[in-house]
Amino acid sequence: MASNPVKTTFGDALNAQPVKPVQWAIVTVCMLVLVCDGIDLQLLGVVAPKVMEAFDVTRSTFGIAMMAALIGFGLGGWGGGWLGDAIGRRWTLVIAALVFSLGTMAAATSEGVWTMAFWRMFAGLGFGGAYANALAMAGEWLPDRWRPVVVSTLAVGTPIGGTIVGWIGPDLERAYGWEGTFLIFGMGTLLVVVAIWAVLRDSPSFLLARGRREQAEKNAKLVLDEDIDLAPDRHETDVADGPQIGVLHPSNFRLNLGIGIAFAAATLVAYGILSWGTTFLTAQDFTLDQAGDAVALAGISSMVGSILVGIVMRRFGSRIVMAVLSAMMVVWMLVIGSTIEGLPAVLDDETRSSVTWLVGLSGFAFSAAIAGMYVMMTHGYPPSCRSGGIGFGIFMSRVGAVSATGLGGALLDFGGESVWPFFGTLAAAGALVAAAAFVVDRHVPPLGQAG
């Protein structure tokens, strides 16, 4: 006589078996979404000189268009995250990819700064919505042993996209103009929409949290070796209200508060270095190319930090890792500040090289902190509001990014010949990243203590 299926959660079932090709296919498409996200997000920065020339505007005026995508990204992260929790990650990713694809193509029709700013903000809504749902989707299809490192690795998808557009964008602009470059990349993103529709499916964990058992059981058969009687995934928020809660549910208060403070602080440090690095270095006898080398190195070290933090966090847990990263950021900003403050008027090659490496390697710490928080959010928010929780984090990250972009120059001007107001502020922001360790009450456990 046939035995009844074993009753277990989808997460426990994944933990008990090897990862299947279809799971890696889902992760690959999510990475592709984020790479395209980064391509379209960074495109305007690459062709900005040509666009400013066409519009006949100054850099300060054109900054309106440059900031528009950041603002849209933050709003899209929160709004798209909420939509992903309401209608599902798959269809929200389709919508988000369509939005940033069409917004990128529409930007090619811009005839002035305000039109460009409108389309960049519109596209930014898609950028943020795609980011939140791609991370949530990938995390929900993976076992506990793989989730931290994969989620932190996915966080480098956007900078990889920025690197790609930095390599090929100028060549496309020379061949087709900046308008044609926007059209080419925007149309290319439409192919990703097809991949999302064909490959991605909402996870059984999410579907059960929304009460869609029949579809959850159907999707579970894509990866599970045997039939199981699915039970909703257990989570720390499973209290009297049941598993379906929103981001602002009282049980998420400390998670929201800690992540909100830490994420805004970490991106303030990141954008302070990436946006103003060439400015404070060229004021210290660096050429623009030499200063650019330091910022480029920061981008490379950022990718390394993002990937490694998932491995380390899985081994030691998120609390101690975030505490260490916060301390590293404080020390690093103070060391950079004191080093630049003590530079002679004329630099030798050895001194210039040491400063380049010091500034460039700072990307390791701030990007590891940012990627670590994505791992924490994927673990900490329950399936019913995971996209929305990640979207909230993205929104707060844009607060830090816009603050750094807008205030960095003012802090450098305020200091005059001293960089201490600037780096002192970044060091204070680095200390606030510790909120992710000591305010958050829901951490990735160290290896051997899961469950």
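These figures come from a predicted structure and were not determined experimentally.

Asks: Any details on the overall build of the protein chain? Residues and values, ideally.
Replies: On a plain count of helices and strands, the protein chain comes out with 17 helices and two strands. Over its C-alpha atoms the protein chain spans a radius of gyration of 22 Å, differing by no more than 12% from the 22 Å that the globule rule assigns to 451 residues. Seen through its principal axes, the protein chain has C-alpha atoms that stretch 85 × 45 × 35 Å. Counting over 451 residues, the protein chain shows a buried share of 56%. Contacts in the protein chain between residues far apart in sequence, at least 24 positions, make up 84% of those at least 6 positions apart. Entry remark: accessible area of the protein chain is about 18500 Å², with carbon and sulfur atoms responsible for 66%. With 25 positive and 33 negative side-chain charges, the protein chain shows a spacing of 11 Å between the two charge centroids.

Asks: Please give an account of the nonpolar core that cites residues and values.
Replies: In terms of nonpolar packing, the biggest core is built from 137 residues, with Met322, Tyr374 and Phe423 touching the most fellow members. Here this core takes 18 residues from helix 2 (residues 21–55), the largest share from any one element. Among all residues touching Phe423, those that are not within four sequence positions of it are Ile273, Phe280, Met333, Ile336, Gly337 and Ile340.

Asks: Explain helix 15 (residues 386–415) to me, and be specific about the residues and the numbers.
Replies: Between its first and last C-alpha, helix 15 extends 42 Å over 30 residues, near the 44 Å set by a 1.5 Å rise per residue. Immediately downstream of helix 15, the backbone of Gly416 shows phi near 65°, a positive value.

Asks: Just give me the short version of the packing of aromatic side chains, but keep the residues and values in it.
Replies: For the coordinates displayed, the defined rule picks out 15 aromatic pairs. For the ring pair Trp24 and Trp146, a centre distance of 5.1 Å and an interplane angle of 90° mean the geometry is edge-to-face. Of this pair, Trp24 sits in helix 2 while Trp146 sits in the loop between helix 5 (113–140) and helix 6 (147–154), and the two are 122 residues apart along the sequence. A relative accessible area of 31% means that Trp24 is categorised as partly exposed. Taking 5.0 Å as the distance between ring centres and 75° as the angle between the ring planes, the aromatic pair formed by Phe118 and Trp119 counts as edge-to-face. Here a set of aromatic residues connected by ring pairs shows up, and it is made of Phe73, Tyr131, Phe263 and Tyr374. One residue, Arg90, lies across the ring of Trp91, its end atom 5.1 Å from the ring centre. Taking the ring centre of Phe316 as reference, the NZ or CZ of Arg315 above it sits at 5.0 Å.

Asks: For the side chain of Gln284, give the residues involved together with the corresponding values.
Replies: Looking at the element boundaries, Gln284 is found in the loop between helix 10 (253–282) and helix 11 (288–316). What makes Gln284 buried here is its relative accessible area of 17%. Apart from the residues within four sequence positions on either side, Gln284 is in contact with Ile340, Leu343 and Leu347.

Asks: So, the confidence of the model for the protein chain: which residues are in play, and what are the values?
Replies: Per-residue confidence for the protein chain gives a mean pLDDT of 87; residues scoring 70 or more make up 95%. Confidence, expressed as mean pLDDT per element, reaches its minimum in the protein chain at strand 1 (residues 6–9) with 77 and its maximum at helix 17 (residues 435–438) with 97.

Asks: So what about a nonpolar patch on the surface? Which residues, and what values?
Replies: A surface patch of nonpolar side chains, amounting to about 740 Å² of accessible area, comprises Ile300, Val304, Ile307, Leu308, Ile311, Val312, Phe316, Ile320 and Val324. Mapped onto the nonpolar patch, the elements with two or more residues apiece are helix 11 and helix 12 (318–341). The element best represented in the nonpolar patch is helix 11, accounting for seven residues. Within the fold, Ile311 resides in helix 11.

Asks: An account of the pattern of salt bridges is needed here, citing residue identities and associated values.
Replies: Applying the stated criterion to the full structure yields 10 salt bridges. Of the charged contacts in the structure, one is a salt bridge between Arg89 and Asp85, with a shortest N-O distance of 2.6 Å. Just as Arg89 is buried, Asp85 falls in that class too. Through salt bridges with shared partners, a single network forms among Asp85, Arg89, Glu140 and Arg386.

Asks: Residues and numbers for the environment of Val149, please.
Replies: Relative to the assigned elements, Val149 resides in helix 6. A residue is classified by how much of its surface remains accessible, and Val149, at 16% relative accessible area, is buried. Counting along the chain gives 68 residues from Val149 to Gly81, while the straight-line C-alpha distance between them is 22 Å. In this structure Val149 touches Ile307, Gly310 and Ile311, once residues within four positions along its chain are discounted.

Asks: An account of the environment of Ala264 is needed here, citing residue identities and associated values.
Replies: Along the chain, Ala264 turns up in helix 10. A relative accessible area of 14% means that Ala264 is categorised as buried. On a C-alpha basis, the gap between Ala264 and Ala401 in space is 7.4 Å, while along the polypeptide they are 137 residues apart. Discounting residues that sit within four places of it in the chain, Ala264 has contacts with Met396 and Gly400.

Asks: Lay out the packing of helix 2 against helix 6 in plain terms, naming residues and giving numbers.
Replies: A pair of packed helices is captured by two measures, namely the crossing angle of their axes and the spacing between those axes. Where helix 2 meets helix 6, the axes come as close as 10 Å, and the angle between the chain directions of the two elements is 25°. As judged from the angle between their axes, helix 2 and helix 6 are roughly parallel. In this structure, helix 2 contributes Trp24, Val27, Cys30, Met31 and Leu34 to the contact, and helix 6 contributes Val150, Thr153 and Leu154. When grouped by side-chain class, the residues that make up the contact of helix 2 with helix 6 number seven nonpolar, one polar and no charged.

Asks: Tell me about unusual backbone geometry, and please be specific about residues and values.
Replies: The backbone of Asp56 sits at a positive phi, close to 55°, despite the residue not being glycine. If you trace the backbone, Asp56 turns up in the loop between helix 2 and helix 3 (59–87).

Asks: Explain the environment of Asp227 to me, and be specific about the residues and the numbers.
Replies: Relative to the helices and strands, Asp227 resides in the loop between helix 9 (213–220) and strand 2 (228–231). Along the chain, Asp227 and Ala294 lie 67 residues apart, while their C-alpha atoms are 54 Å from each other.

Rules used throughout
Residues numbered from 1 in each chain as written. Predicted model: local features only at pLDDT ≥ 70, side-chain atom pairs only at ≥ 80, totals over all residues. Heavy atoms only, no water. Helix = DSSP H or I, 4+ residues; strand = E, 2+ residues; numbered from the N terminus. Rg over C-alpha atoms; globule rule 2.2 N^0.38 Å. Buried < 20%, exposed > 50% of the residue type's maximum accessible area, 1.4 Å probe, protein only. Contact = heavy atoms within 4.5 Å. Areas by Shrake-Rupley, 256 points an atom, 1.4 Å probe, with all protein chains shown as cover. Lys, Arg positive; Asp, Glu negative; His and termini not counted. Charge placed at Lys NZ, Arg CZ, Asp CG, Glu CD. Core = buried A, V, L, I, M, F, W, Y, C linked by side-chain atoms within 4.5 Å. Expected span 1.5 Å × (residues − 1). Phe/Tyr/Trp six-rings, centres within 6.5 Å; stacked < 30°, edge-to-face > 60°. Lys NZ or Arg CZ within 6 Å of the ring centre and 35° of its normal. pLDDT = per-residue confidence, 0-100. Patch = residues over 30% accessible without salt bridge, like charges linked within 9 Å, V, L, I, M, F, W, Y side chains within 5 Å. Salt bridge = Lys/Arg side-chain N within 4 Å of Asp/Glu carboxyl O. Axes fitted to C-alpha atoms, helices over the stretch in contact; angles between N-to-C directions. Parallel < 35°, antiparallel > 145°, perpendicular 65-115°, else oblique. Nonpolar A, V, L, I, M, F, W, Y, C, P; charged D, E, K, R; others polar.

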